[in-house]
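Listed below are the residues making up each chain.
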Amino acid sequence: MLAQDIALELKSVTKIYKGSVTVGPIDLAVRQGEFFSLLGPSGCGKSTTLRCIAGFETPTSGSILLGGERLDAKPAHRRDLGLVFQNHALFPHLTVAGNVGFGLALRKVGAGEITRRVARTLELVGLAGCGARMPSQLSGGQQQRVALARSLILEPPLLLLDEPLSSLDLKLRQQMRDELRGLQRTLGQTTVFVTHDQTEALAMSDRIAVLSNGRIEQVGTPREIYGAPATRFVANFIGESNTLAATVEGIRDEVATLRLPAGQLLRARLPAGTTRRVGEAVWAIVRPENLTIQPAENSQDDPTRLAGTLDTVSYLGEDIHVRLRVPGLDPLLASMKATRRAEVALAVPKIEIGIDACAVVVLAR
Amino acid sequence: MPALSSSLPGEAIAAYPPWIPGWVWLIGPYLLVLIGVLVLPLANVAAISVFTHDPRAFWSARLTGANYARLLDPYYVQVLVRTLRIGLITTVACAALGFPVAYWLARCSRRVVTIGLFLIVMPMMVSTVIRSFGWMVLLGRTGVINVASEALGLGRWLTIMNTEAAVVIALVQICLPLLVLPTMAAIEKVPVSLEEAASNLGAGAITVFRRVLIPLAAPGLASGALLVFVVAISVVVTPALMGGRSNRMLGNEIYDQVITAMNWPFASAMAIVLIAVVLALLGLSLAAGRALARRSVRGA
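Cut-offs used in this document
Residue indices begin from 1 for each chain and proceed along its sequence in written order. Numbering of ligands from 1 and lettering of chains from A proceed in the order in which they are written. Restriction of local features to residues with pLDDT of at least 70 applies here, the model being predicted, together with a cutoff of 80 or more for giving and counting side-chain atom pairs; totals for whole chains, interfaces and linings are based on all residues. Computation of side-chain values: all heavy atoms of the structure, hydrogens and water removed. When accessible area is computed with a 1.4 Å probe and restricted to protein chains, residues below 20% of their type maximum are described as buried, those above 50% as exposed, and intermediate ones as partly exposed. Only DSSP runs of H or I reaching four residues or more are called helices, and only runs of E reaching two or more are called strands; each is numbered from the N terminus. Inter-axis angles, ranging from 0 to 180 degrees, are taken between N-to-C directions of lines fitted to C-alpha atoms, where helices are fitted over the stretch in contact. What sets the label is the angle itself: under 35 degrees gives roughly parallel, over 145 gives roughly antiparallel, 65 to 115 gives roughly perpendicular, and the rest give oblique. Here a crossing is called left-handed whenever its near helix is offset anticlockwise from the far helix by less than a right angle, and right-handed whenever the offset is clockwise. Every residue pair with non-hydrogen atoms within 4.5 Å of one another is taken to be in contact. Gly counts as polar in this scheme, as do all residues outside two lists: the nonpolar Ala, Val, Leu, Ile, Met, Phe, Trp, Tyr, Cys and Pro, and the charged Asp, Glu, Lys and Arg. A pair of strands is labelled paired if DSSP reports no fewer than 2 bridges between them. As a per-residue measure, pLDDT reflects the predictor's confidence and takes values from 0 up to 100. Here, a salt bridge means any side-chain nitrogen of Lys or Arg that lies within 4 Å of a carboxyl oxygen of Asp or Glu. Domain limits in this description derive from either an automatic procedure or a database domain assignment. We define buried area as the total accessible area lost by two parts upon association, computed with a 1.4 Å probe and summed across both. Distance and chemistry together define a polar contact, namely a pair of N or O atoms within 3.5 Å, with one atom able to donate a hydrogen and the other to accept it when in protein, and with adjacent residues in sequence counting only for side-chain atoms on both sides.

### Digging into helix α1 (residues 46–54) of chain A
Residue and element names in this part refer to chain A. Within α1, seven of the nine residues are buried, leaving the element largely enclosed by the surrounding structure. Every buried residue of α1 is accounted for by K46, T48, T49, L50, C52, I53 and A54. At the exit of α1 stands G55, carrying a positive phi of roughly 100 degrees.

### Some words on the packing of helix α4 (residues 74–107) of chain B against helix α10 (residues 205–233) of chain B
Packed helix pairs are specified by the crossing angle of their axes together with the interaxial distance, meaning the distance between the axes. Residues and elements named next belong to chain B. Running from amino to carboxyl end, α4 crosses α10 at an angle of 135 degrees, the nearest separation of the two axes being 8 Å. The pairing of α4 with α10 is recorded here as oblique in orientation. As α4 packs across α10, the resulting crossing turns out to be right-handed. Of the residues in α10, those touching α4 at T83, L84, G87, L88, T90, T91, C94, F99, Y103 and R107 are F209, L213, I214, A217, L221, A225, V228, F229, A232 and I233. Considering only residue class, the contact of α4 with α10 consists of 15 nonpolar, four polar and one charged.

### With respect to the sheet that holds strand β8 (residues 191–195) of chain A
Residues and elements named next belong to chain A. Taken in spatial order, the six strands line up as β6-β7-β8-β3-β9-β10 in an open sheet, and their pairing is mixed. Edge positions in the sheet fall to β6 (82–84) and β10 (215–220), since each has one partner strand and no second. Pairs of neighbouring strands in the sheet enclose a mean axial angle of 15 degrees, with direction left out of account. One ladder, built from four bridges, connects strand β3 (residues 35–39) with strand β9 (residues 207–212); its direction is parallel. Each bridged residue has a counterpart across the sheet, and for L39 the counterpart in β9 is V210. Contacting β3, β6, β7 (159–162), β8 and β9, α1 crosses the sheet at an angle of about 145 degrees to β7.

### Points about the confidence of the model for chain B
Looking at chain B, the pLDDT average stands at 87 and 92% of residues meet or exceed 70. Contacts for the low-pLDDT stretch residues 1–6 of chain B, under 50 throughout, to residues beyond four places or in other chains number zero contacts.

### A closer look at the pattern of salt bridges
Residues and elements named next belong to chain A. Here the structure, examined in full by the defined rule, presents 25 salt bridges over all chains. When the shortest N-O distance is used, the salt bridge between R181 and D206 registers 2.8 Å. Separated by 25 residues along the polypeptide, R181 in helix α6 (residues 170–187) and D206 in the loop between α7 (198–204) and β9 bring together distant segments of the chain. Residue R181 is classed as buried on the basis of its relative accessible area, which comes to 9%. With its nearest N and O atoms 3.1 Å apart, the salt bridge here joins R259 to E249. Of the two residues, R259 sits in strand β12 (residues 255–259) while E249 sits in strand β11 (residues 242–252), which places them ten residues apart along the sequence. The exposure class of R259 is partly exposed, given its relative accessible area of 31%.

### Focus on the domain arrangement of chain A
Interfaces are often sized by the accessible area lost when the parts come together. All names here are of chain A. Considered domain by domain, chain A is made up of domain 1 (3–236) and domain 2 (240–364). Using C-alpha coordinates to define each centre, domain 1 is positioned 39 Å away from domain 2. Each partner contributes to the roughly 780 Å² buried at the junction of domain 1 and domain 2, and carbon and sulfur atoms together form 48% of this total. A per-residue breakdown of the area domain 1 buries against domain 2 is headed by Y226, R232 and A235, which together make up 64% of the total. One can count zero salt bridges joining domain 1 with domain 2. Here domain 1 is connected to domain 2 by six residue pairs in polar contact (both at pLDDT 80 or more). When contributions to the side of domain 1 that touches domain 2 are tallied by element, the ones reaching two or more residues are α8 (222–227) and α9 (232–237).

### Examining the sheet that holds strand β1 (residues 6–16) of chain A
All names here are of chain A. Spatial strand order, β2-β1-β4-β5: four strands in an open sheet with antiparallel pairing. The sheet is open, and its two borders are formed by β2 (22–31) and β5 (69–70), each paired with just one other strand. Relative to strand β4 (residues 61–66), β1 runs antiparallel, the two sharing five bridges. Paired with E9 across the strands is L65, a residue of β4. Here α1 sits on the sheet in contact with β1, β2 and β4, set at roughly 115 degrees to β1.

Written out as structure tokens, the structure is:
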């Protein structure tokens, strides 16, 4: 990453509260024009990190830089950042236009100029002509757009979004997700997005930082985070996964053979550059959609097939989720498209499970 | 629920007998008390205020405008002006001192609020007479401050007793809780995120107060200010003890006319004028509140 590409940089930012909660040290670099998500469960420190950037919390140590300049030395009202709150935080005593023009009015911009820019920004977020309404007369989605317009009108070098979609219902949330992402791309707006919703983060982000217990677990593109989780936490937090305790039995041509506790074997393709020793205790992580199920055949000699039985089958319309029992292992989860073939395979109680070696992620135990 | 909202409050309570609507039982008893101890006596005061003063029998039922005319005497005009001035200064001082306190209380932790509220409310449990005496002990010519100052060799420099300022100081202390409590309740309803949003958009602390907190807490602030004003212009004890002969307020004049001069018709006329002033201000502040709300709807 070239230095001039970096918009926002956090250098070992920590926040220690009087109690036991501690965040950091957090190191992050957000690129110019990037949509960057901070993803994690509640209490993981993502909101604290965002509030440190916005200036509502003072980091205990570390520095925050925007465009190479120290941001943490300035008070919140001098940082010129955009921020959209979870509850929108619109001023109820001002009209939509009053809300959107609030920042410009504080910057002593002329009334005519404010009117023009408010109209243009409202049009940008799809609320043209709504300027005279009061926030209370708008739907949740419209309020969200006003909050967005209120920030965007100031053309901030960095836009912070604090779970802005979580107060909306599902359909609207999906629609706003696409609109927000589209708008961000069009404007090339550098954005930091805080969410606990992995689907949102995967769908919208250029890159994601997964946080847990105040620390960054992994930073990467959605594909990397999902396909190659760096830790057990990431594997379990992002999507579903089966985590199997195993030992490395042998390695040949970058394919490791793993032995499961009950003696079954599992093949895993190791990414180039990974070093695993024979005899090492590892976690083998497999996504449910990478398990294939077939009716059991008499041949037991294929070592990459696990013999098992069906426990529960949940039909979800588009998908089928299956819980499988394999001797010596915790129940495994498998998911597949609800096709005719899948239903035929699931009609027999005794089955065989195939696992693609490329889909197994091996982590140190 | 259009069907419910069109009905009167109290309809949900099963009323018996059915031909008496529910609200009669809910507000009826208090209404009766109010009529007995407020409306009827007040009507009596209004009637007496247009009767003629009679030294032998308090009043005689001959109609006259003389009691009101007498209020145009420069002395009484001066008293009325002073009363309103003291009320106004007290209200403004209470608002200036009380709003930050109300804000602080509204934003601090539950435990601190309990202690803070206790400290705010506790003085209200002490009678105004005792509190005014307390101020005399503190501010008097031979009071605590002057004696201490003299002991330090600085002399008795404090000569505030028997001035309008002394009355205002005592009144501010007496009235402050009346402003803090409703204002605090109003600020509590303003989410902290609104302050943060304003700050994020470039507003410093003073701008956040001026553009966000004060407009949103205005209803609470206004009702608190009105309470303070009404109490401040109708006090008797405080100006009598703190203001001396030269800083009498309308309350003192009414008291003297009733107790000393026995001129009840004139006392009644002054009381009616005081009530009229309060009602006029109430109407004015309501109208101002509506105008403000309309202005903010247009986009401030």
